Amino acid sequence: MQAVGQKPLALYPGCSLLSTGAAYLASVRETLHLLGLAVKDLTDWNCCGASSAHFVDPELAVLLPARNLAIAEAMGADVLTACAACHHRMVQAEHDLSTSDTMARAAMEAGVAYRGGVRVRHLLSVLDETDLPGRIRRPLKGLRVACYYGCLLVRIPRSGGIDDPENPGIMERVLGACGAEVADWQGRTWCCGASLAATAPEVAGDLVQRVLVQAHRAGADCIATACPLCQLNLDLLQGAAATRAGFERLLPVVFFTQLTALALGASPRRLGFEQHLVEVRPMMAALAG
Amino acid sequence: MQPRESAAQPVQRDHSWPLAIEAASGERVGLCFGCGICTGSCPLASAMDLLPSRLMKAVQLGLRERVLGATAPYLCVACETCAVRCPNGIDVARVMDAVRQASLTTGRPVPRVDIQRFHRWFLRTVWMFGRAHEGLLSAGYSLQQGRLLQDLSTGLALMRHGRLALWPHTVRRQREVRRLFRAIAQRGGR
Ligand code: SF4
Ligand code: SF4
């Protein structure tokens, strides 16, 4: 990884990865470990503000990530993200701090000493630059994966997301390098409903159903995500959506890192599969078969 | 957009308001030519009372009361589909942000108080611990909404699968995080 940039990377797990997205964190660590990438955690990091900070105040949405950026700067590191929402907020904040004097001043006045120059990189980009095929010990042969980007990874206005916003291919490249068969499907960058799952469940349920219809249509064995909230919504709201839509089977919704870790030789027991609400057993069967 | 006001009741327009929204959002609302691409792209359009392109037009026209009373900015999830597609490079999500923030600070009834509560609970846990606490957020929100019983099964399912951490993760230098919140409060934000 150090070969990728000049600076070492510090992992910013984010709050969800300590709770509902714990399987994501476990599999991120497993993936980094199996690739021999020694990445420290960002010291004493705080919440990025997610969608709630900008809901009430534009400055809060920048100040919360700014403290994390300042910590990275003090560590002499760039930030490594896994959560799509954290990535989005951190990239936006870095952009706002470096382009707006008002924001930079607000951060300074709130006690955040950030001078700039910290890069925020997503794990998918890092893996995309790693020689994966040479490291694969258990190719994901026979597994048909619907790569699901959702919104926040690819759509970061002005700064740019990790790939093309309309037609991304980075997750397909990474999982393809792991030996998976990647589906060509329509729902890849559609919205999962985000926090409306809590506040307007009918609306979010509808969005989840639209995505699932497309994944089924593409004959996927599973959906791979890079966002704890996308995973949660597609997992948690799937049962009801399947009943409404009359799906004959449920689709496991996994974190892309659970698949990379498996391919790199990790034991499935270390990857948090027991946390999934939709059983992953059919997916494991497809892999074994 | 709205049942047309009768001649006896002229539409209230505030021509300085678009400038305020431009300043708050950092977006050039005046550039919008109403093509409707944002609306056609918006995954929440069918749930909105004021479609994104209509909202943009209403801001341009200074229809302040109409826009501030809309629930659309509360349903916007900032998916940014509109923003990456707008031919004029307008980040409509930021305009939605600015409109919602304005509606939160004017003392009017909040158009979707349930959604506001959710985000406030989220931020409350960040204020308390420096990191969001999903368990407390869901419990607090459900309780305030009077739907603790309905939501209990979801919470229990997540807990059964080991997905709800009960013990909060706290930031050691929590005072630094609180200082960020205080800076906003002092400025008169929320
Ligand atoms: S896409 Fe842009 S120009 Fe077109 S209606 Fe929406 S905001 Fe206006
Ligand atoms: S950012 Fe908001 S307004 Fe724009 S497309 Fe998404 S939900 Fe609709």
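What counts, and at which threshold
- Residues numbered from 1 in each chain as written.
- Chains lettered and ligands numbered in written order.
- Predicted model: local features only at pLDDT ≥ 70, side-chain atom pairs only at ≥ 80, totals over all residues.
- Heavy atoms only, no water.
- Near = heavy atom within 4 Å.
- Helix = DSSP H or I, 4+ residues; strand = E, 2+ residues; numbered from the N terminus.
- Nonpolar A, V, L, I, M, F, W, Y, C, P; charged D, E, K, R; others polar.
- Salt bridge = Lys/Arg side-chain N within 4 Å of Asp/Glu carboxyl O.
- Buried < 20%, exposed > 50% of the residue type's maximum accessible area, 1.4 Å probe, protein only.
- Expected span 1.5 Å × (residues − 1).
- Contact = heavy atoms within 4.5 Å.
- Polar contact = N/O pair within 3.5 Å; in protein donor to acceptor, adjacent residues only side chain to side chain.
- Core = buried A, V, L, I, M, F, W, Y, C linked by side-chain atoms within 4.5 Å.
- Disulfide = S-S within 2.5 Å.
- Domains from an automatic or database assignment.
- Buried area = accessible area lost by both parts, 1.4 Å probe.
- Pairing = 2+ DSSP bridges.

1. Comments concerning the site of ligand 1
Residue and element names in this part refer to chain B.
Here is step 1 of the chain: Taken together, 13 residues sit near ligand 1, with Cys32, Cys35, Gly36, Cys38 and Cys86 positioned nearest.
Here is step 2 of the chain: Secondary structure elements with two or more residues in the shell around ligand 1: helix H2 (37-41) and helix H3 (52-60).
Here is step 3 of the chain: A breakdown of the residues in the shell around ligand 1 according to their chemical character gives nine nonpolar, four polar and no charged.

2. Some thoughts on the pattern of salt bridges
Here is step 1 of the chain: Applying the stated rule across the entire model yields 26 salt bridges over all chains.
Here is step 2 of the chain: For Arg115(A), the salt bridge is made with Glu73(A), and the minimal N-O distance between the two is 3.6 Å. Placement of the pair is Arg115(A) in the loop between helix H5 (101-109) and strand E4 (120-122) and Glu73(A) in helix H3 (residues 60-75), with a sequence separation of 42 residues.
Here is step 3 of the chain: Overall, Arg115(A) belongs to the exposed group, its relative accessible area being 78%.
Here is step 4 of the chain: Sharing partners across several salt bridges, the network here consists of Asp44(A), Arg67(A), Arg173(B) and Glu176(B).

3. Details of the site of ligand 2
Here is step 1 of the chain: Around ligand 2, the structure places Cys42(B), Pro43(B), Leu44(B), Pro52(B), Cys76(B), Val77(B), Ala78(B), Cys79(B), Glu80(B), Cys82(B), Ala93(B) and Met96(B).
Here is step 2 of the chain: Looking at side-chain class alone, the shell around ligand 2 contains 11 nonpolar, no polar and one charged residues.

4. Concerning helix H10 (residues 148-160) of chain B
Here is step 1 of the chain: Here H10(B) is 13 residues long and its end C-alpha atoms lie 17 Å apart, about the 18 Å a rise of 1.5 Å per residue gives.
Here is step 2 of the chain: Looking one or two residues past H10(B), Gly162(B) carries a phi angle of roughly 70 degrees, positive in sign.

5. Details of the interface of chain B and chain A
Here is step 1 of the chain: Listed by partner, the interface residues are 58 residues for chain B and 58 residues for chain A.
Here is step 2 of the chain: Here Arg67(A) and Glu176(B) are joined by a salt bridge, their closest N and O atoms 2.8 Å apart.
Here is step 3 of the chain: Summed over the shared surface of chain B and chain A, the result is 31 residue pairs in polar contact (both at pLDDT 80 or more).
Here is step 4 of the chain: Of all the secondary-structure elements, those providing two or more residues to the side of chain B that touches chain A are helix H5 (72-75), helix H6 (81-85), helix H7 (92-105), helix H8 (113-129), helix H9 (134-144), H10 and helix H11 (174-186) of chain B.
Here is step 5 of the chain: Tallying contributions element by element places H8(B) first for the side of chain B that touches chain A, with eight residues.
Here is step 6 of the chain: Taken together, the residues of the side of chain B that touches chain A break down into 29 nonpolar, 11 polar and 18 charged.

6. Some thoughts on the nonpolar core
Residue and element names in this part refer to chain A.
Here is step 1 of the chain: If you look at the biggest cluster of nonpolar residues, it comprises 166 residues, and the most contacted ones within it are Phe256 and Leu259.
Here is step 2 of the chain: Among the elements that take part in this core, H3 stands out by supplying 10 residues, more than any other.
Here is step 3 of the chain: If we ignore the near neighbours within four places in the chain, the residues touching phenylalanine 256 are Tyr24, His122, Leu123, Leu124, Leu127, Met171, Leu175, Ala224, Thr225 and Ala226.

7. Regarding the state of the cysteines
Residues and elements named next belong to chain A.
Here is step 1 of the chain: Scanning all chains against the criterion turns up zero disulfides over all chains.
Here is step 2 of the chain: Note on cysteine 227: no disulfide assigned, nearest cysteine sulfur contributed by cysteine 230 at a separation of 3.8 Å.
Here is step 3 of the chain: According to the relative accessible area criterion, cysteine 227 is buried, its value standing at 7%.

8. Quick notes on the domain arrangement of chain A
Residue and element names in this part refer to chain A.
Here is step 1 of the chain: As far as domains go, chain A holds domain 1 (9-124) and domain 2 (138-288).
Here is step 2 of the chain: Each of domain 1 and domain 2 has a C-alpha centre, and the two are 24 Å apart.
Here is step 3 of the chain: Opposite the 27 residues of domain 1 that make contact, domain 2 presents 30 residues.
Here is step 4 of the chain: Between domain 1 and domain 2, roughly 2,300 Å² of surface is buried when both sides are summed, and carbon and sulfur atoms account for 74% of that area.
Here is step 5 of the chain: It is Tyr24, His88 and Leu124 that lose the most area in domain 1 upon contact with domain 2, and together they represent 28% of the buried surface on that side.

9. What to know about the pairing of strand E7 (residues 222-225) of chain A
Residue and element names in this part refer to chain A.
Here is step 1 of the chain: Here E7 shows a buried face lined by Cys222 and Ala224 and a second buried face lined by Ile223 and Thr225.
Here is step 2 of the chain: Examined bridge by bridge, strand E5 (residues 144-147) and E7 share three bridges and lie parallel to one another. Residue pairing for E7: cysteine 147 is matched across the bridge by alanine 224.
Here is step 3 of the chain: Relative to strand E8 (residues 253-255), E7 runs parallel, the two being bridged by three bridges. Bridge assignment links threonine 225 to a residue of E8, and that residue is phenylalanine 255.

10. Let's talk about unusual backbone geometry
Working note: non-glycine residues mostly have negative phi, and peptide bonds are mostly trans.
Here is step 1 of the chain: Notably, Asp44(A) is not glycine yet its phi reads approximately 50 degrees, a positive angle.
Here is step 2 of the chain: Of note in this structure, Glu80(B) is not a glycine but carries a positive phi near 70 degrees.
Here is step 3 of the chain: Tracing the chain through its elements places Glu80(B) in the loop between H5 and H6.

11. Let's talk about helix H7 (residues 170-177) of chain A
All names here are of chain A.
Here is step 1 of the chain: Of all the positions in H7, only Ile170, Met171, Glu172, Val174 and Leu175 are classed as buried.
Here is step 2 of the chain: In this fold, the buried residues of H7 make contact with helix H6 (123-128), E5, strand E6 (181-182), E7 and helix H12 (256-263).
Here is step 3 of the chain: Phi turns positive, to about 95 degrees, at glycine 179, one or two residues after H7.

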